[in-house]
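Commentary on secondary and tertiary structure
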Amino acid sequence: MRQYICSGCGANYDVADQRFRCDCGEVLELTTDWIFEKNKIDAGNHTIWRYRQFLPIESDDAIVSMGEGWTPLVRFSYRDLNLQLKTEYLSPTGSFKDRGASVLISLLKEIGISKFVEDSSGNAGAATAAYAARAGLRCEIFTPDYASGGKLEQIRAYGAILHRIRGTRQETARAVIKAARTEYYASHNWNPFFRQGLKTIAYEIAEQLNWQTPDAVITPLGYGGLFLSMYRG
Ligand SMILES: [Zn+2]
């Protein structure tokens, strides 16, 4: 059974519980993790859901997918390095955040959430807004007022209510945490279901390199969600 476990004090909570963190304030993780087995890949599915057996969604009917994942690796030489670039901009809303949004919004559908709040400086807000629209859920996205105009238009175009918050990114986070007292907070930074979607990048890279491990993986680092998720994968 899927449960949240607190990374600080070890407390357990049901995944249908509408909390984004432990009572002690620490981050929640999932109690179960799945052992990756090559022969359980659904090779005919060219989205992150080819790894369905290792993703924490129980009901097939809950899956919200728009073709995210399975992005090409492109060879690129830089100085003496042979690099391969993962072309995540080919995702439905233009970033790797679609992988996390697909799994997180599928969870919301599964546990019967119809409305949520989220905060983002751009890409995660666009991804969750798009997947919410696809699933027929309502959402409100909190962004810092300095966020990119194009991203804000994208979030609005998906039908989300946008709250532009003055000040730093931290002030936006404070505003959404206040809103989370009464609304489900589908946070791409706090919720482990989002990270479960991101971990598929590691699976894909390994599979696309014919199970040869690369010497190094370079990722951007914001809150560290992508880095942590790829480590897990
Ligand atoms: Zn705790």
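Residues numbered from 1 in each chain as written. Predicted model: local features only at pLDDT ≥ 70, side-chain atom pairs only at ≥ 80, totals over all residues. Heavy atoms only, no water.

The next thing to look at is the domain arrangement of the chain. In terms of domain boundaries, the chain breaks down into domain 1 (1–32) and domain 2 (40–233). Taking the mean C-alpha position of each, domain 1 and domain 2 sit 20 Å from one another. At the interface, 14 residues of domain 1 touch 18 residues of domain 2. Contact with domain 2 buries surface across domain 1, with Arg2, Phe20 and Leu30 losing the most and accounting together for 45% of the total. Counting every contact that joins domain 1 to domain 2 gives four salt bridges. With its nearest N and O atoms 3.2 Å apart, the salt bridge here joins glutamate 29 to arginine 195. Counting across the interface, domain 1 meets domain 2 through six residue pairs in polar contact (both at pLDDT 80 or more). With three residues, strand β3 (residues 28–30) is the largest single contributor of residues to the side of domain 1 that touches domain 2. Looking at side-chain class alone, the side of domain 1 that touches domain 2 contains seven nonpolar, two polar and five charged residues. (Domains from an automatic or database assignment. Contact = heavy atoms within 4.5 Å. Buried area = accessible area lost by both parts, 1.4 Å probe. Salt bridge = Lys/Arg side-chain N within 4 Å of Asp/Glu carboxyl O. Polar contact = N/O pair within 3.5 Å; in protein donor to acceptor, adjacent residues only side chain to side chain. Helix = DSSP H or I, 4+ residues; strand = E, 2+ residues; numbered from the N terminus. Nonpolar A, V, L, I, M, F, W, Y, C, P; charged D, E, K, R; others polar.)

Our focus in this paragraph is the pattern of salt bridges. Close approach of charged atoms lets side chains of opposite charge pair. If you walk through the whole model with that rule in mind, you get 16 salt bridges. For glutamate 110, the salt bridge is made with arginine 2, and the minimal N-O distance between the two is 2.7 Å. Placement of glutamate 110 in helix α1 (residues 97–111) and of arginine 2 in the segment before β1 (3–6) is noted, with a sequence separation of 108 residues between them. Between aspartate 17 and arginine 19 there is a salt bridge whose closest N-O contact spans 3.3 Å. Each member of the salt-bridge network shares a partner with another, and the members are Lys86, Glu88, Arg99 and Glu204.

This paragraph deals with the packing of aromatic side chains. Here the structure, examined in full by the defined rule, presents nine aromatic pairs. With 6.1 Å between their ring centres and 85° between their planes, tyrosine 4 and phenylalanine 193 make a pair best called edge-to-face. Of this pair, tyrosine 4 sits in strand β1 while phenylalanine 193 sits in helix α5 (residues 192–198); the two residues are 189 residues apart in sequence, bridging distant segments of the chain. Looking at tyrosine 4, the relative accessible area reads 1%, which means it is buried. Relative accessible area serves as the criterion here: at 0%, phenylalanine 193 is assigned to the buried category. Ring plane angle 80° and centroid distance 5.2 Å describe the contact between phenylalanine 20 and tryptophan 190, whose orientation is recorded as edge-to-face. Here phenylalanine 20, found in the loop between β2 (12–14) and β3, pairs with tryptophan 190, found in the loop between β9 (184–185) and α5; they are 170 residues apart in sequence, far enough to count as distant. Among the aromatic residues, those joined into a cluster by ring pairs are Phe36, Tyr51, Phe54, Tyr203 and Trp211. Here arginine 19 stacks its cationic end above the ring of tyrosine 13, 3.8 Å away from the centre of that ring. (Phe/Tyr/Trp six-rings, centres within 6.5 Å; stacked < 30°, edge-to-face > 60°. Buried < 20%, exposed > 50% of the residue type's maximum accessible area, 1.4 Å probe, protein only. Lys NZ or Arg CZ within 6 Å of the ring centre and 35° of its normal.)

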